[in-house]
Amino acid sequence: MQRRSSLAGAAAALLTLATALPARAEIGDYLGKPVASVRLVLDGRDTTDPAFVQVVETRVGRPLSMMEVRESITHLFSLGRFENVQVDASMVAAGVALRYDLSPVHLVSKIEFTGKLNVPGIDTGDLRRVVTSRYGGAPPVGRAGDVSALLADTLRQRGYRQAVLKPRAELSRESEQAVLIFDIDPGPRTVIGSIEIVGMPTVSRAELLDRLDLGPGKPYEPDTLDARITSYVDSRHQRGYYEARVTPTVTFADAERVANLTLMVAPGPHVSVKCVGDPLPDDVCTELVPIEREGSADEDLLEDSSNRIEEYLRGQGYREATAPHTRKEADGELLITFAVHKGPQYRIANLEISEGSIPRADFQSALRLRTAAPFSSASLDADVATVESVYRRQGFRAVQVRPTVEPLASNAGGTQVPVVVRITVVEGVRTVVGDLRIEGNSSVSADVLREGLQLQPGAPFFEPQLQNDRNAIALRYANLGFRTVTVDVVPGVSDDGTQANPMFTIREGPRLLLDHVLISGNVRTSADTIERELQLKPGDPLGLAAVNESKRRISALGLFRSVELTELRHNAEDQRDLLITVEEAPPTTVGYGGGLEGRLRVVRTEQDGGVASEKFEVAPRAFFEIGRRNLFGKNRSVNLSTSVSLYPKDSPFFGNQVAPTAGTTGGFAFAEYRVQGTFREPRLFDTAAVGLLTGTIERQIRSSFNLARRGVGAQVARQLTRSISLTGGYQIQRTELLDVSIDPADQPLIDRAFTQVRLSSFSASGSYNTRDDALDPSTGEYLSANGQIAARAIGSEIGFVKSSFMAQAFRTVPHTRRVVLAGNARLGLATGFPRDVPVTDAQGNPVLDANGQQIVQQGVRDLPQAERFFAGGDSTVRGFALDRLGTADTISQDGFPIGGNALVIFNGEVRVPLFSFLGVVAFIDTGNVFVHAVDVDLGQLRSAVGYGVRVKTPVGPIRIDWGYKMDTRDGDLARPDSFLALGGSAVYLSFGQAF
């Protein structure tokens, strides 16, 4: 549309220029005269907007050129901001005065509806969403007719077939925006008249009409009817009626106010499938005969199913397998029978490959055939291709690989036939690269071009690689702006075939340069924000890689629903304009959701004598997020995220160290929450660094204590490459311990002295990430290192240094359906700075010396409890309750975790997909928590094994894990309260992979 408008507008503007001249003057009288002034008049007012001025080619002092006028009009139209551009010229004393009259395209800032809206089936919110989904949030006023047609079609689907819509626009001269108003007269609603059913449905007429929600007098809504028919037919398919069909036809009466329906019902027979003859597992038969999955039993599908069964069996060595099918229909039942005949199984008695210049060990691992394995012709063909490819890559251009299969005498039962497979390699002459020549290159030196080639003198000659090198040269030139370059290559193989002397002939063609960057569609986003992401500027070569990378970076801003980069031709053959057309996404984002979380936690109850026991708790969770992006048009954003969990009222962490055992009312109470606000500055101080300001208020439930925390922080992040990033930051927070379950006698002094503590700290981290998916990776690595230092010199009440390291690896097992091996390792180390801590007794009273002075313990290096490491539970070592893993020194006498200054965790998983939405895992976890870093002892690690289920959802996997301790020790807690936690096991319900 823009291209067409540009040409039409340019022609109209030139005509305007001709007719605007005085009657006695000709166009030629103006051409060549100096331009005295250039005015841009937008909707009747002068404008000096740089976005408009910079694309006007007619400049003051230069001779007037019709080419420059035409280029200016084309550029202005390409911005997508004007419905019309007219040019007026007049003679003044200094030369020619030019005026460009610009009629703006008024974008719609708001859509409103008036008229008869309080009728059934009309929802203005739904109508508005229909418009924005098709035309975006700011369609131009000129598309009002198209929008009306879309709304009329939508109302027609609601039963209003005679709806009349009258659009009008209220324009704002100040903002160049408009309110688009649609006056709706829906007219009479079409209702269903007679309903005729043709055919023999398997249900009664009343039940069929009820399922389809049809009846005389009900509104006729075509889309809704089609959806109900589809749902009904799908339900019939699920019951085995795979050929069931319902086809509606409609005739209208009374000026389309009445729709008379005819339903053609073909119930089809009930379909059963059997695989008879030689045994075939039921699940394999179901997989290879996808009648249920496809919802069809047509002959083409059955033929394909027979072929699939035969190919499956031949892959297992049954070379003579057959599986013809038959159909037998009687009394409404269709029986489809596949007669499976395997024949003898051919197994490889010996696999012989002739020795050649390439050792067999170089390709042995890539071969599919193995001695004693079933013989498969498909595997043999694949192995022949593999051997041939290996030899060709080593320069044996004429290699011939000849397979032979020699059956031996079958065994006494005749069920197996041993075969000898021989693969004979006839190498032929080996070709190596001799002289490599490049001609026709004037802009790029031959040495530079050779550096990017895989074929080099002395290397084996491989003809497909020669074509790859040709493409590499062409791509290098395209990235330098030579879009019309051609590269021809001649292999130059010698007569005896021992040497190849390739010659590349290059025809560079013109080098395209970028003249103007035109940006269209940005209403809220500043042009500077978009231009910063461009990898080229006016005057640069129009390189292909730079254009593609620019599009990727603009799209990655997350501000636009779509981004298109179009190259516009210039009058000069070596120049192009780059038009960037964006469609802005809504600036406000809202997210919400809910779910359940289950975990095993340490609690204190009266019936256990006030000591720790373990309890499985399930808590509903909910979250709400709202964000505003593109603040001030600079891609800044602000976001507020909240989450809350509700735990049972009889939980021990609602003001009592000991949970009540009687008199509870059940239900839930507010327990755990998190509120975080974030401001993001993507170009901190006009650099590539990202700045973040965060404020957090939260309350967390742990096994030995609760905590309330408030804090603010600032971070600076820099993405060095696509996989490497660095982050540095500062935070100050105040943490208060609540409902501590550890007996004061077991508490470290620092916990008794600092139940409320202010921490001021700096942190730095780095990460390396090549995972293909952050939530559910199947390949790649993730490495991270984090360091934090808190000191009294910067306002912290406690000083410490803390570091953590993580390494993860994910690998998809070859030749499997995405079976993933996943590994994780974590190491945490911390130490406190020496501090003098006053000694208190179990009641918190100061302990005095003989002189009546409070005793002070010097050189205490413990960390506050909320900053220590804990392990056990969901994402650490499953099989243990939350935080319950530790050495004897990190667990209190009552069985509550105290935490430590060192952490070691190892996890391994095998993730196996069963269906598109469901998978299972098997895992082994090991680790422990130690009092100090010097106490780390790998011999004290404790392990758990288990299995789990993963249910895939659009936002990530939901998981349920069962973990089992590999050893049970004195001090491990019993869990008599939950059938989900038996013996040494534990169950966890959560969202996302464990790591």
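Criteria and cut-off values
Residues numbered from 1 in each chain as written. Predicted model: local features only at pLDDT ≥ 70, side-chain atom pairs only at ≥ 80, totals over all residues. Heavy atoms only, no water. Helix = DSSP H or I, 4+ residues; strand = E, 2+ residues; numbered from the N terminus. Buried < 20%, exposed > 50% of the residue type's maximum accessible area, 1.4 Å probe, protein only. Contact = heavy atoms within 4.5 Å. Disulfide = S-S within 2.5 Å. Core = buried A, V, L, I, M, F, W, Y, C linked by side-chain atoms within 4.5 Å. Axes fitted to C-alpha atoms, helices over the stretch in contact; angles between N-to-C directions. Parallel < 35°, antiparallel > 145°, perpendicular 65-115°, else oblique. Left-handed = near helix turned anticlockwise from the far one by under 90°. Nonpolar A, V, L, I, M, F, W, Y, C, P; charged D, E, K, R; others polar. pLDDT = per-residue confidence, 0-100. Pairing = 2+ DSSP bridges. Expected span 1.5 Å × (residues − 1). Arc of directions from axis to C-beta. Polar contact = N/O pair within 3.5 Å; in protein donor to acceptor, adjacent residues only side chain to side chain.

Trainee: Tell me about the side chain of Ser550, and name the residues and values.
Mentor: Relative to the helices and strands, Ser550 resides in helix H16 (residues 544-556). Relative accessible area serves as the criterion here: at 0%, Ser550 is assigned to the buried category. Beyond its immediate stretch of four places on either side in the chain, Ser550 contacts Glu533, Leu534, Gln535, Leu536 and Leu565.

Trainee: Requested: an account of the state of the cysteines, with residues and values cited.
Mentor: Applying the stated rule across the entire model yields one disulfide. Covalent S-S linkage joins Cys275 and Cys285, the inter-sulfur distance amounting to 2.1 Å. Of note, the bridge from Cys275 to Cys285 carries an S-S torsion of about 70° and is right-handed in sense. Here Cys275 is found in strand E11 (residues 270-277), whereas its partner Cys285 is found in helix H9 (residues 282-288), with ten residues between them in sequence. For Cys285, a relative accessible area of 7% puts it in the buried group.

Trainee: Kindly report on the nonpolar core, identifying the contributing residues and their values.
Mentor: The biggest cluster of nonpolar side chains holds 24 residues, and the ones touching the most others in it are Leu76, Phe82, Val85, Leu98, Tyr100 and Leu102. Only strand E1 (35-42), helix H4 (66-78), strand E3 (82-92) and strand E4 (95-104) provide two or more residues apiece to this core. Listed in part, the 22 residues of the second largest apolar core include Val108, Leu127, Ala144 and Leu155.

Trainee: How would you sum up the packing of helix H5 (residues 124-135) against helix H6 (residues 144-157)? Please name residues and give values.
Mentor: Following both chains from N to C, one finds H5 and H6 inclined at 130°, their axes separated by 10 Å at the closest point. Here H5 is positioned oblique relative to H6, judged by the angle of their axes. In this structure, H5 meets H6 at a crossing whose hand is right-handed. Between H5 and H6, the contacting residues are Leu127, Val130, Val131, Arg134 and Tyr135 on the first element and Asp146, Val147, Leu150, Leu151, Thr154 and Leu155 on the second. In the contact of H5 with H6, the residues fall into eight nonpolar, one polar and two charged.

Trainee: So what about the confidence of the model for the protein? Which residues, and what values?
Mentor: Per-chain confidence: the protein averages 86 in pLDDT, with 91% of residues scoring 70 or above. In the predicted structure, residues 1-16 sits below a pLDDT of 50 and forms 27 contacts with residues beyond four places in sequence or in another chain. A low-confidence stretch, residues 974-983 stays under pLDDT 50, and its non-local contacts, those more than four residues away or across chains, total 20 contacts.

Trainee: Could you give an account of the sheet that holds strand E24 (residues 575-584), naming the residues involved and the relevant values?
Mentor: Pairing is mixed in the open sheet, where three strands are placed in the order E22-E24-E23. At either margin of the open sheet sits one strand with a lone partner, and together these are strand E22 (513-520) and strand E23 (560-569). When strand polarity is set aside, the average angle formed by the axes of neighbouring strands in this sheet is 20°. Where E22 lies against E24, six bridges are found, and the strand directions are parallel. What sits directly across from Leu514, in E24, is Arg576. Lying on the sheet, H4 is in contact with E22, E23 and E24; it crosses E22 at an angle near 40°.

Trainee: An account of the pairing of strand E19 (residues 486-490) is needed here, citing residue identities and associated values.
Mentor: A one-sided burial pattern is seen for E19, the buried positions being Val487 and Val489 and the unburied ones Thr486, Asp488 and Val490. In this sheet, strand E21 (residues 503-507) lies alongside E19 in antiparallel orientation, the contact comprising five bridges. Counted as the bridge partner of Val490 is Met503 from E21.

Trainee: Let's hear about helix H12 (residues 377-393): which residues, and what values?
Mentor: A rise of 1.5 Å per residue sets the reference length of H12, with its 17 residues, at 24 Å; its end C-alpha atoms lie 24 Å apart and thus fit the reference within 8%. Buried within H12 are the following residues: Ser379, Leu380, Asp383, Val384, Val387 and Tyr391. Projected down its long axis, H12 shows its buried positions confined to an angular sector of 140°, all on one face. Against strand E15 (400-407) and strand E16 (416-426) lie the buried residues of H12. Of the residues flanking the start of H12, the one acting as N-cap is Ser376, its side-chain oxygen 3.3 Å from the backbone nitrogen of Ala378. Among the residues trailing H12, Gly395 stands out with phi positive, at a value near 100°.

Trainee: An account of unusual backbone geometry is needed here, citing residue identities and associated values.
Mentor: The phi dihedral of Asp254 is positive, around 55°, even though this residue is not glycine. Relative to the elements of secondary structure, Asp254 occurs in the loop between strand E9 (245-253) and strand E10 (258-266). A residue is classified by how much of its surface remains accessible, and Asp254, at 52% relative accessible area, is exposed. Its identity as a non-glycine residue notwithstanding, Glu256 has a phi of 65°, on the positive side.

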